[in-house]
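# Structural features, examined
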Amino acid sequence: MAKKLPSAYAHPYAIDSRYKKSVAYFSMEFAIDQALKTYSGGLGFLAGSHMKSAHDLRQNLIGIGILWKHGYYDQTRATDNSMVPQFREKMYSFLKDTGIRFQITIANQPVWVASYFLDPKLFGTVPMFFLTTDTDGNDQWARQISYHLYDADASVKVMQCMLLGIGGAKFLDELGYEPDIYHLNEAHAVSSVYYLYKKFGKKESVRKRLVFTTHTPEEAGNEKHNIYFLNDLSFFSGVPLETVRKITGFGPGETVFNHSLAALRLSHQANAVSKLHGDVSRQMWSWAPDICDITHVTNSQHKASWADAELEEARSKGDLDAIEKRKKELKGQLFKTVADQAGKLFDPNILTIVWARRFAGYKRPDLLTRDRERFDRIMRNKDFPIQFIWAGKPYPKDDSAIYTFNQLFYLSHLYPNMAVLTGYELALSKQLKEGSDVWLNTPVVTREASGTSGMTAAMNASLNFSTYDGWVCEFSRHGENSFIVPVASESNRDGEDISNMLDVLENEILPLYYERSNDWYETVLRSMTEVGGFFNSDRMAAEYYEKVYK
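The structure reproduced in this document is the subject of the present report. Residue indices follow the written sequence of each chain, beginning from 1 at its first position. This being a predicted model, a pLDDT of at least 70 is required before a residue's local features are given, and a value of 80 or more before pairs of side-chain atoms are given or counted; all residues contribute to the totals for chains, interfaces and linings. Heavy atoms throughout the structure, all of them, feed into the side-chain values; hydrogens and water do not.

### Things to note about the packing of aromatic side chains
Pairing of aromatic side chains here covers Phe, Tyr and the six-membered ring of Trp, requires ring centres within 6.5 Å, and sorts the geometry by plane angle: under 30 degrees stacked, over 60 edge-to-face, intermediate tilted. Summed over the entire model, instances satisfying the criterion amount to 41 aromatic pairs. Seen from their ring centres, Phe 117 and Phe 129 are 5.3 Å apart, and the 35 degrees between their planes marks the pair as tilted. Here Phe 117 is found in strand S6 (residues 109–118), whereas its partner Phe 129 is found in strand S7 (residues 128–132), with twelve residues between them in sequence. Burial classification: accessible surface area is computed with a 1.4 Å probe over protein chains only, and a residue below 20% of its type maximum counts as buried, one above 50% as exposed, and the rest as partly exposed. A relative accessible area of 4% places Phe 117 in the buried class. Taking the relative accessible area as the measure of exposure, Phe 129 reaches 0% and is therefore buried. Members of the aromatic cluster, joined through ring pairs, are Tyr 72, Tyr 73, Phe 87, Tyr 150 and Tyr 395. Charge-over-ring placement is defined geometrically: NZ (Lys) or CZ (Arg) within 6 Å of the ring centre, and within 35 degrees of the ring normal. One cation-aromatic arrangement involves Arg 357 over Trp 355; the distance from NZ or CZ to the ring centre is 4.8 Å. Put simply, DSSP marks the helices as runs of H or I at least four residues long and the strands as runs of E at least two long, and each gets a number from the N terminus on.

### Details of the nonpolar core
The definition of a nonpolar core used throughout is a set of buried Ala, Val, Leu, Ile, Met, Phe, Trp, Tyr and Cys residues joined through side-chain atoms within 4.5 Å. One finds Tyr 194, Phe 236, Phe 257, Phe 388, Phe 465, Leu 505 and Trp 520 to be the most contacted residues of the largest nonpolar core, which totals 122 residues. Sorting elements by how many residues they give to this core places helix H4 (residues 154–175) first, with eleven residues. Within the second largest apolar cluster, 30 residues are counted, among which are Leu 46, Met 540, Tyr 544 and Tyr 549.

### Comments concerning the sheet that holds strand S14 (residues 351–356)
Sheet architecture is open: six strands sit in the order S16-S15-S14-S17-S18-S19, paired in parallel fashion. Each end of this open sheet is capped by a strand with a single partner; those strands are strand S16 (418–421) and strand S19 (482–484). Geometrically, the sheet is characterised by an average inter-axis angle of 20 degrees between neighbouring strands, direction not taken into account. We treat two strands as partners when DSSP finds at least two bridges between them. Of the pairings in the sheet, the one linking strand S18 (residues 463–466) to S19 comprises three bridges and is parallel in character. Paired with Asn 464 across the bridge in S19 is Ser 482. Of the strands in this sheet, strand S15 (386–391) and S16 touch helix H15 (residues 399–412), which is tilted by about 145 degrees from S16. Across the sheet, helix H16 (residues 426–435) touches S14, S15, S16 and strand S17 (438–441), and the angle it forms with S14 is around 150 degrees. For helices, the fitted axis covers only the stretch in contact; all axes are lines through C-alpha atoms, and the angles between them, taken along N-to-C directions, range from 0 to 180 degrees. When checking whether two residues touch, look at their non-hydrogen atoms; a contact exists if any pair is within 4.5 Å.

### Describing helix H13 (residues 320–342)
For a helix, the expected span equals 1.5 Å multiplied by the number of residues minus one. Here H13 is 23 residues long and its end C-alpha atoms lie 32 Å apart, about the 33 Å a rise of 1.5 Å per residue gives. We define a polar contact as two N or O atoms separated by no more than 3.5 Å, with the added condition that, inside protein, one atom must be a possible hydrogen donor and the other a possible acceptor, whereas residues neighbouring each other in sequence contribute only through side-chain atom pairs. Between a side-chain oxygen at the N-terminus of H13 and the backbone nitrogen of Asp 321 the separation is 3.2 Å; the capping residue is Asp 319.

### Re the environment of Phe 123
Along the chain, the position of Phe 123 falls in helix H2 (residues 120–123). Take Phe 123: its relative accessible area is 21%, and that puts it in the partly exposed class. Considered as a pair, Phe 123 and Met 51 are 72 residues apart in the sequence and their alpha carbons are 9.9 Å apart. Excluding anything up to four places from it in sequence, Phe 123 contacts Ile 32, Asp 33, Lys 52, Phe 94 and Leu 118.

### A closer look at unusual backbone geometry
Backbone geometry at Asn 108 places phi at a positive 65 degrees, although glycine is not the residue there. Judged by relative accessible area, Asn 108 falls into the exposed class, the value being 58%. A positive phi angle, near 75 degrees, is found at Glu 186, a position not held by glycine. Relative to the helices and strands, Glu 186 is located in the loop between strand S8 (181–185) and helix H5 (192–200). Overall, Glu 186 belongs to the buried group, its relative accessible area being 11%.

### Considerations on the side chain of Arg 364
Mapped onto the elements, Arg 364 comes out in the loop between S14 and helix H14 (372–379). Exposure remark for Arg 364: the relative accessible area of 2% places this residue in the buried category. Ignoring sequence-local partners within four residues, the contact set of Arg 364 consists of Trp 355, Arg 370, Thr 442, Pro 443, Val 444, Thr 467, Arg 493, Asp 494 and Asp 497.

### Overview of H4
Taking 1.5 Å per residue as the helical rise, H4 with its 22 residues ought to reach 32 Å, and the 30 Å between its terminal C-alpha atoms agrees with that figure. Note that bend, as reported per residue, equals the angle between axes fitted to the 7 residues terminating at that residue and the 7 residues originating from it. Where H4 bends most, at Gly 167, the angle is about 30 degrees. Extensive coverage of H4 is indicated by the burial of 18 of its 22 residues. Capping the start of H4, Asp 153 holds a side-chain oxygen 3.0 Å from the backbone nitrogen of Ser 155, two or three residues further along. Two residues or fewer past H4, Gly 176 is found with a positive phi of approximately 75 degrees.

### Here's the deal with the side chain of Lys 52
Mapping Lys 52 onto the fold places it in helix H1 (residues 42–56). Counted charges follow a simple rule, with Lys and Arg positive, Asp and Glu negative, and His plus the chain ends left uncounted. We define a salt bridge as a contact between a side-chain nitrogen of Lys or Arg and a carboxyl oxygen of Asp or Glu at a distance within 4 Å. Buried within the structure, Lys 52 lacks any salt-bridge partner; Asp 33 is the closest side chain of opposite charge, at an N-O distance of 5.5 Å. The contact partners of Lys 52, leaving out residues within four places of it in the chain, are Ile 32, Phe 123, Gly 124, Thr 125, His 302 and Ser 305.

This is the structure:
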């Protein structure tokens, strides 16, 4: 096997000697550009930024993903304006068919896999390859494996993980390329380790090549399946179950296969995605013998892709007037989208708060609205007027999150200064970050492994307003570069968070914006400057080579 990529797929730069070790980065999703719908949310945003910074730093890294025929989903509305997930075929003329087709075994049946190449010059990434089973020679059941990102059917989702893991590892063999490191971004691709075990013949030969990034902050969130169910799907590449148990550290009587635990035992290094998440992960797995070391590399975002150029120029000059002027221009652009979708005319001079990310229960998107009387008073305050925007995609089968999204939309009928937008993808995300004054973040503390949306909001002159969780713990200083509420007690968590956040909003944020405008923009400038260094994914990509790819 060659240690260099074939010339048709080679990196478009000379590799920096600091980053010469070759790495194949496996991820279920990548958010590269609005034109390429291969992502659902934060995991994809993180992976996309990593691919771009690896390119900018001239690293010897490639990306392996899946070409989702229907993407995640298109967020539309029914006639009553309730949210409807829509699935339709996505077409990409800019992806190149590599011509490499091969078979993997799924459920004891041969399945054809085709592969497509994303040229680094198109979006400023490292060389990237996307796999699909929607190709000639496959029956419908096999074609649909690569239809929907995170399919709701448990068997199909495992098959998707096998396409990424086994398919990704075999694709590299078919390409004639053997990287020094196989990097699993989350445990989706852990089936690759059994393919690699068959290839190399020894557990240690696999471990020295494998690293693992965990994004899960609680044990219950780690994917688990019955080991016999997985074996019936050919998850272990024909490795006998007795051997699977032996090399993965599962006892003869154990029937539950924990994907993250298997990755921790078969990697030589793992990392969490923030400092707090590192502490949580080491504690969470402290009971498990024979796992690898867990360090942390705090998630970050690609500043060059996210930061508005004029805002960044004003920041570099310390020009508060220019920041304010450009911010209001960007708010005006966002408000055209608000008018188009919601039929409401927002004012660029009014403080605008945005909550936008994946809709999920633990993220509590509706938190501030739960004290309806106080929320109503704030929304109708003429002295300190306010505008609220919500956006984000629930999982398409998460009925509870979809219900919350719809309830917020129906609540917005009561207020001309409240809007709930659909279509939260890369383009709208950037527009919301550029057009917000305050970026609201309300997760239950310790449930958010990192979070990244607030980083790119801060790069665009928006102040973070958050509970104390994830990346925020490494950045925020209340009143100096952001607004943070104290950690609530377990007994009255939601009640305390609601009260504390509304107190900060009424007593600190609104008066600062309207009565001490210069201080507001001084705080904004400080936030922009402090987020742009450490939370730029260039730092993150370099740190992976220093701490993980060793």
